[in-house]
Amino acid sequence: MQNKFESLELGQFIPLHYHHNMLNDNNRMKGFKEAINLVVKPGAKVLELGGGTGVQSFFAAQKAQKVYCVERNPELVSAARSFLARNINGDKIEVIQADALYYLPPEPVDVVICEMLHTGLLREKQMSVIDSFKKRYLEKFDGPLPVFVPEASIQAIQPIEQNFHFEDFYAPTILFQDPYATHERSKSLGDPEVFQLLSYADPFNQICHWDGEIIMAENGQLNALRLITRNILAVNMLTYSTIDWHTQYIIFPLSVPLTVTKGDHISIRFSYQGGAPLNALSDSLQVCFVNKLASVLQSASETLHCSSNLQSEIAETANIL
Ligand SMILES: C[S@@+](CC[C@H](N)C(=O)[O-])C[C@H]1O[C@@H](n2cnc3c(N)ncnc32)[C@H](O)[C@@H]1O
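Rules behind the numbers
Residues numbered from 1 in each chain as written. Predicted model: local features only at pLDDT ≥ 70, side-chain atom pairs only at ≥ 80, totals over all residues. Buried ≥ 20, exposed ≤ 12 C-beta atoms within 10 Å, placed from the backbone. Helix = DSSP H or I, 4+ residues; strand = E, 2+ residues; numbered from the N terminus. Arc of directions from axis to C-beta. Contact = placed C-beta atoms within 7 Å. Near = placed C-beta within 6 Å. Nonpolar A, V, L, I, M, F, W, Y, C, P; charged D, E, K, R; others polar. Expected span 1.5 Å × (residues − 1). Pairing = 2+ DSSP bridges. Axes fitted to C-alpha atoms, helices over the stretch in contact; angles between N-to-C directions.

Student: Looking at this structure, I do not really get helix α5 (residues 74-84). What am I missing?
Tutor: Counting along an α-helix, one turn takes 3.6 residues, and residues three or four places apart therefore face a common direction. Residues Leu76, Val77, Ala80 and Leu84 constitute the buried set of α5. Buried residues in α5, looked at end-on, bunch into an arc of 105°, giving them a common side. Structural note: α5 exposes Pro74 and Glu75 on the side pointing more than 90 degrees away from its buried face. Looking at the buried positions of α5, the neighbouring elements they touch are α2 (16-23), α4 (55-61), β2 (66-71) and β3 (93-97).

Student: In this structure, what is going on with the site of the ligand? I would like to understand it.
Tutor: Residues in close proximity to the ligand total 22 residues, the closest being Gly50, Gly52, Arg72, Asn73 and Ala100. Elements with a minimum of two residues in the shell around the ligand: α4 and β2. Split by residue class, the shell around the ligand holds 10 nonpolar, seven polar and five charged.

Student: Can you help me understand helix α3 (residues 26-39) in this one?
Tutor: Here α3 spans 20 Å end to end across 14 residues, near enough to the 20 Å set by a 1.5 Å rise per residue. Among all positions in α3, only Arg28, Gly31, Phe32, Ala35, Ile36 and Val39 are buried. Down the axis of α3, the smallest arc covering the buried residues is 120°, so these residues share one side. For α3, the exposed residues lying more than 90 degrees away from the buried face are Asn26 and Lys30. Packed against the buried residues of α3 are α2, α4, β4 (111-114), β5 (147-149), β13 (220-236) and β14 (241-246).

Student: Is there a simple way to explain the sheet that holds strand β16 (residues 265-273) in this structure?
Tutor: Strand pairs in the sheet, formed through backbone hydrogen bonds, run parallel or antiparallel to each other. Judged by pairing direction, the sheet is antiparallel, and its three strands sit side by side in the order β12-β16-β17 without closing on themselves. Looking at strand neighbours, the two that pair on one side only are β12 (207-215) and β17 (286-289), the edges of this open sheet. Neighbour-to-neighbour, the strand axes of the sheet open up by a mean angle of 10°, direction not taken into account.

Listed below in structure tokens is the structure:
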């Protein structure tokens with residue numbers, strides 16, 4: 001019962017000490033600070049869904065007139081209130097203890113910040129929280145929708161050979177990788193293939209899925225897939241550039257590794273609900289050869305052709321006899 005509860009709530013209750021890791025993540029912090037500074041105009045009204053320590057609301061408050069910061073975890077609500085009281089413009093931020101799935105601000109807002117992001121849009125409730133917010137907001141205020149930070153997420157999958165041996169101990173586990181570092185234990189076998197382009201302001205389906213093919217660029221043991229989620233935090237229309245942040249890569253081991261050669265076509269299929277536990281992707285994952293399957297079919301059809309030729313030869317011989 002305890003485990004079931006934990007897995008359902010995973011990503012919903014991130015303990016305070018883990019928030020230190022998030023605060024300490026320079027790429028995350030710099031990206032959000034720059035994006036919020038770009039998007040929030042002086043005097044704007046801002047809503048943050050899933051405020052944590054209140055850091056993103058703090059960035060917004062440097063230009064905004066008012067920030068509503070919604071957080072469900074009571075430990076974080078009191079931490080955010082105490083931190084914000086010690087930071088400049090913290091008095092512009094109202095920290096509200098509520099479930100972001102149901103909360104609406106008392107007035108229209110210009111910007112919504114929501115960082116409930118996990119790689120694959122798994123575990124955390126980014127998709128369902130934003131989807132629910134948009135429906136209820138349009139009913140209450142009749143639009144237009146605010147600008148979202150992040151604006152979009154782009155998801156891709158990449159075939160790799162991963163070294164799962166640890167001092168001779170073989171343990172093919174799901175693992176996380178820093179997207180801004182190099183990885184000695186991983187060898188890329190092909191390019192990442194994009195399977196989802198999600199713009200938060202547009203209507204979207206909460207199912208993340210792919211049914212496609214990847215061509216191998218290298219020979220090797222295809223024993224894992226790398227899941228990549230790049231978040232477009234903001235779009236700068238003046239410079240035609242984006243402010244991006246990658247969540248950690250996730251490596252999913254394959255239950256049956258494939259020995260691949262350059263040029264092989266590999267079929268990959270998966271489907272899961274946004275916010276589902278990590279195993280939802282691996283449970284639905286199907287990986288197999290396309291070209292090797294095609295060559296098997298080809299030889300089967302050749303055998304069939306040969307045997308039908310043989311049968312007509314036998315019939316001809318029988319007729320002669
Ligand atoms: C990944 S953290 C980000 C925190 C903060 N925005 C930051 O960037 O440092 C997501 C936060 O959303 C909160 N959260 C998750 N689900 C929520 C919900 N349904 N309603 C309100 N807050 C929620 C978590 O408690 C956590 O503090």
